[in-house]
Amino acid sequence: MKKSYKTTEKWWLGLTVLFYALYNVPGFPVYGDANAALWHGALTILPLWIIVYGGMAILHKQRRLRKRPDQSLQAADNINTDEPISKGGI
Amino acid sequence: MLSAFTTWTLYISYMGALIAFGVYVWWREKNNSARHFYTAGNTINWFVLCMTYIAALMSTWVFFAGPGGYYRGGFGYYMSELSYIPLFPVLTYFVMNKVWLLNTQRNYTTQADIFVDRFRSPTLRLVLALVFFCVSMPYAAAIYIACGKAATVATNGAITQTSAVIFVGLTALLFIPFGGVKSVAWAATVQAWIFMVALWTIGICAIAYGFGGDVFGATASVWEHTNSWFSYPGPEQWVPYSARFGYPIACAIGWTIMLPDVFIRAGYFGKDMQTQRSLMVLQPVLQTIVWTGVMFIGFAAIAMLPGLKGGDTELVIPLLLAKIISPQSATVAAILMAVFVWGTLAKGLSAATSHLLVAGSIISEDILTRLLKLKVSPNVHITIARLAVVGLGLMALWLALNPPDLMWTLIMFAIALVMPIFPVLVAALYWRRATAPAALTASIVGVIGVLLTYQYGMGDSWYGVLGMVASAVLMVVVSYMTKETDKEVLDEFYGALAKAEAEYYED
């Protein structure tokens, strides 16, 4: 079964790209027109912010995190972290 | 406006507190590995992560060229900022959270580590190390210069730029090697608050003294006298279409994701996935607070000091204090000048120390440990890491005292220079067919593309967009033309990602 967050991810990314592209449509707003510039910003940038935060809220709700024990500083310090991350080819 | 004694007192007390804090963190943390020294190894909580990220992201630009940029670019420039800021959560979700997940399994230290883990190419490590080093070092040096400039401006030349630069550079040198990235991150948390409060205090006071606190009156004045401030391409034609498109893309990808000091914060610092999510939610808000404050100062300046040209626009804060506030209250102006100096120091130090640590990790980890295969005990390794930072700190100081022309060019396109590496990162995370020769070709040609963009005078408008497009195309074409990566290598890399996702997500 397809996971619900996968669909949300696609819509979130698609709508973000769409409204970012709308903000960047060449020729709009015309140069030197302050009213047009403000309307253009209101109609593209505000929806962009709403989409990003709305989509993020839905995604975080759908894709829940596992509850994990707090990784203490001491535990992190004990990891032998100086080993090369991957041996082959480096 | 400030006496040399007052300014030196500010500098010495601030730097003394910083060094004391570095020593305290050194004593408390006892960094026992280079990875912990450079990246804190996935132990930074959400609050410190958000604050150190915003502190590393911003530079002294917010006190000099930033307000000048809004002065010249107008409200359209601000809207360009608002168009890319919300892209951060999306880019973090699809890219940087995967980097973070991989890091929990693979223990990366430098930015190049993740690329080499996927493509297994020492040559790619060398290329990326060079690119990221060229980006980090001049940045640190330029910030020292800005701190020196702030002291000189604040004291009307009573303190020379050279003496202030030496003082700031040496203090940073004493501070970073002790506590490593953890002391930098915690100090940056305080420093971020200082510079944000400083910005807004200066902007609000300017409007309070210049327009009696009447923001609407100031807006009406600008609308009537400098209407072009509200439209594209701005009062000085600063935001034509190419800049409106190229600049936000460069900021979204180059500046907030790919610059080494912010990359390791978004990818290697956070202690859990909830911390990553907090970063996604809060970072656009914090960026908006900073940019709105900077815009507000530029707006106050265009309302009260119209007609400034060239380099004068970069000094709108001292000019507002001297010409608008000082005639009405010399005391308030002096206090605000101290706030300006303090804010510049806070901002400068947090960014410079971040860049120095990254540059140190490139030398000690990428070059000495990985490429030259230096085999030493952990204690010697951490000493080498500290010495690398000290050496580079001295080099940054020397650069700040003797800035070559090329350094300013490097700073100008630092955010552009790292943009072609982004398609390589995306391909590494999502595309099994991507190959090492493609990653190498895309990185080299993309960076050369950015250099050519600047060479032919299009850099100020297009930044790294053309280089990034070339890199993306080459990544695909060369991958299909070259032999597939070994299945074993791919399974190891993507298996680690899948394992981390299973550990941190419920489904």
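All figures in this text were calculated on a predicted structure; none of them were measured in a lab. (Residues numbered from 1 in each chain as written. Chains lettered and ligands numbered in written order. Predicted model: local features only at pLDDT ≥ 70, side-chain atom pairs only at ≥ 80, totals over all residues.)

Undergrad: Honestly, the overall build of chain B in this entry has me stumped. Any pointers?
TA: Per the secondary structure count, chain B includes 23 helices and zero strands. For 507 residues, the compact-globule estimate of 2.2 N^0.38 gives 23 Å, and the C-alpha radius of gyration of chain B, at 23 Å, lies within 12% of that figure. Reported as C-alpha extents along the three principal axes, the dimensions of chain B are approximately 70 × 50 × 45 Å. Looking at the 507 residues of chain B, the share that counts as buried comes to 61%. (Helix = DSSP H or I, 4+ residues; strand = E, 2+ residues; numbered from the N terminus. Rg over C-alpha atoms; globule rule 2.2 N^0.38 Å. Buried ≥ 20, exposed ≤ 12 C-beta atoms within 10 Å, placed from the backbone.)

Undergrad: Whenever I open this one, the overall build of chain A confuses me. Can you help?
TA: For chain A, the count of helices and strands is three helices and zero strands. When each of the 90 residues of chain A is scored for burial, the buried share is 18%. Partitioning the intrachain contacts of chain A with sequence separation of at least 6 by distance along the chain shows that 70% fall at a separation of at least 24. (Contact = placed C-beta atoms within 7 Å.)

Undergrad: What exactly am I supposed to notice about the interface of chain B and chain A here?
TA: One widely used convention gives an interface's size as the accessible area the parts lose upon coming together. In this complex, chain B contributes 49 residues to the contact, which on the side of chain A involves 39 residues. Only α2 (34-39), α5 (75-84), α6 (87-106), α7 (111-119), α11 (241-258), α13 (273-304), α16 (378-401) and α23 (487-504) of chain B provide two or more residues apiece to the side of chain B that touches chain A. Element by element, the count of residues in the side of chain B that touches chain A is highest for α13(B), at five residues. In terms of residue class, the side of chain B that touches chain A is built from 22 nonpolar, 14 polar and 13 charged. (Nonpolar A, V, L, I, M, F, W, Y, C, P; charged D, E, K, R; others polar.)

Undergrad: Any chance you could explain the packing of α6(B) against helix α12 (residues 260-269) of chain B here in plain terms?
TA: The description of two helices packed together rests on the angle between their axes and the distance between the axes. In contact at an axis separation of 7 Å, α6(B) and α12(B) are set at 65° when each is read in the N-to-C sense. For the pair α6(B) and α12(B), the contacting residues are T92(B), M96(B), V99(B), W100(B) and N103(B) in the first and A266(B), G267(B) and Y268(B) in the second. (Axes fitted to C-alpha atoms, helices over the stretch in contact; angles between N-to-C directions.)

Undergrad: Can you help me understand the packing of helix α2 (residues 34-62) of chain A against α5(B) in this one?
TA: Where α2(A) meets α5(B), the closest approach of the two axes is 10 Å, and the angle between their N-to-C directions is 15°. Put simply, α2(A) runs roughly parallel to α5(B). With respect to the hand of their crossing, α2(A) and α5(B) are arranged in left-handed fashion. For the pair α2(A) and α5(B), contact is made by A37(A), G41(A), I45(A) and L48(A) and by G76(B), M79(B), L82(B) and S83(B), respectively. Across the contact of α2(A) with α5(B), the residue classes tally to five nonpolar, three polar and no charged. (Parallel < 35°, antiparallel > 145°, perpendicular 65-115°, else oblique. Left-handed = near helix turned anticlockwise from the far one by under 90°.)

Undergrad: Would you mind going over helix α19 (residues 421-430) of chain B with me for this structure?
TA: Since the α-helix packs 3.6 residues into each turn, any two residues three or four apart lie on the same face. Residue and element names in this part refer to chain B. Most of α19 is tucked away, with eight of its 10 residues classed as buried. Among all positions in α19, only I421, F422, P423, V424, L425, A427, A428 and L429 are buried. Buried residues belonging to α19 abut α6, α7, α8 (122-154), α11, α20 (436-455) and α22 (465-481).

Undergrad: Explain unusual backbone geometry to me, please; I cannot follow it from the model alone.
TA: Glycine aside, the phi torsion of most residues is negative, and most peptide linkages are trans. A cis geometry characterises the amide bond from F28(A) onward to P29(A), with omega recorded as -15°. Structurally, P29(A) can be placed in the loop between α1 (4-23) and α2. Residues other than glycine seldom take positive phi values, yet R120(B) does so here, at roughly 50°. By secondary structure assignment, the location of R120(B) is in the loop between α7 and α8. A tally of 20 C-beta atoms within 10 Å means that R120(B) is categorised as buried. Unlike most non-glycine residues, Y463(B) shows phi in positive territory, near 50°. Looking at the element boundaries, Y463(B) is found in the loop between α21 (459-462) and α22. Classification of Y463(B) by C-beta neighbours within 10 Å gives buried; the count is 31.

Any functional reading would require information that these geometric values do not contain.
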